[in-house]
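Architecture at a glance
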Amino acid sequence: MISVIFVCLGNICRSPMAELIFKNMVKERGLEGSFLISSFGTSDCEEGNRIYPPAKRMLESRNVKGDHVAKQLSLKDVINADYVLVMDSGNLFDVLRLTGGKFGEKVLKLCSFTANPRDVADPWYTRDFNRAYEDIFDGCNCFLNYLTETRRV
């Protein structure tokens, strides 16, 4: 079983989008028995809140179903995960600060697996949920391809 967690700041936009997109991809490939997938925020500012409505609408428009309640990332979550995939450089810094610089080998930017490594666009500020979706979809697809090629899931 491969444990994958997605991380952004508040856990109401990008990381739950990534969680649900990745769950959908895994299910489409018949691999749901091989993964534990969740998402967290580095901050507790949105803890207990549901996925942000515009993010949920974007997912539904792409036939990605599911719900989510925001929760804050803990050191234990990082320790127990095989992969901690962050959305941007700020999230990377926050996770490495939380861990005291440990576990860096499993803390990676989601789009580092793509042909165009980048931060996932933050729709909280841009309101461009389509661009965030495209970045996340690309990152998740390339990450899943990486896993199926290297770990034989």
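For the structure itself, look to the data block above.
Rules of the game
- Position numbers for residues count from 1 along each chain, tracking the sequence in the order it is written.
- Owing to the predicted nature of the model, reporting of local features is limited to residues with pLDDT of at least 70; listing and counting of side-chain atom pairs is limited to 80 or more, with chain, interface and lining totals taken over all residues.
- Heavy atoms throughout the structure, all of them, feed into the side-chain values; hydrogens and water do not.
- Where helices and strands are cited, they refer to DSSP runs of H or I of at least four residues and of E of at least two residues respectively, numbered from the N terminus.
- What the globule rule says is 2.2 Å times the number of residues to the power 0.38, and the radius of gyration is computed from C-alpha atoms.
- Classification of residues uses two cut-offs on accessible area relative to the type maximum, computed with a 1.4 Å probe and protein chains only: under 20% is buried, over 50% is exposed, and between them is partly exposed.
- We call two residues contacting when some pair of their heavy atoms lies within 4.5 Å.
- Calculation of accessible area relied on Shrake-Rupley with a 1.4 Å probe; when residues are assessed, cover is drawn exclusively from the protein chains displayed.
- Only four residue types enter the charge count: Lys and Arg as positive, Asp and Glu as negative, with His and the chain ends excluded.
- Every charge is mapped onto a representative atom, which is NZ of Lys, CZ of Arg, CG of Asp or CD of Glu.
- Any carboxyl oxygen of Asp or Glu within 4 Å of a side-chain nitrogen of Lys or Arg constitutes a salt bridge here.

Attention now moves to the overall build of the protein chain. Of regular secondary structure, the protein chain possesses six helices and four strands. Along its sequence from the N terminus, the protein chain presents helices and strands in the succession β-α-β-α-α-β-α-β-α-α. Expected size for 153 residues packed as a compact globule is a radius of gyration near 15 Å; at 14 Å, the protein chain falls within 12% of this value. Counting only C-alpha atoms and orienting by the principal axes, one finds that the protein chain spans roughly 35 × 35 × 30 Å. Considering the protein chain as a whole, with its 153 residues, one finds that 48% of them fall into the buried category. Sequence-distant contacts, at least 24 apart, represent 74% of the contacts inside the protein chain between residues at least 6 apart. Just so you have it, the protein chain exposes about 7,300 Å², and 50% of that area is on carbon and sulfur atoms. One way to put it: in the protein chain the 20 positive side-chain charges average out to a point 2 Å from where the 20 negative ones average out.

The next thing to look at is the pattern of salt bridges. Oppositely charged side chains are able to pair whenever their charged atoms sit close together. All told, the structure shown has ten salt bridges when counted by the stated rule. For Glu-60, the salt bridge identified is with Lys-56, shortest N-O distance 3.7 Å. Placement of the pair is Glu-60 and Lys-56 together in helix α2 (residues 53–61), with a separation of four residues, close to one helical turn. According to the relative accessible area criterion, Lys-56 is partly exposed, its value standing at 24%.

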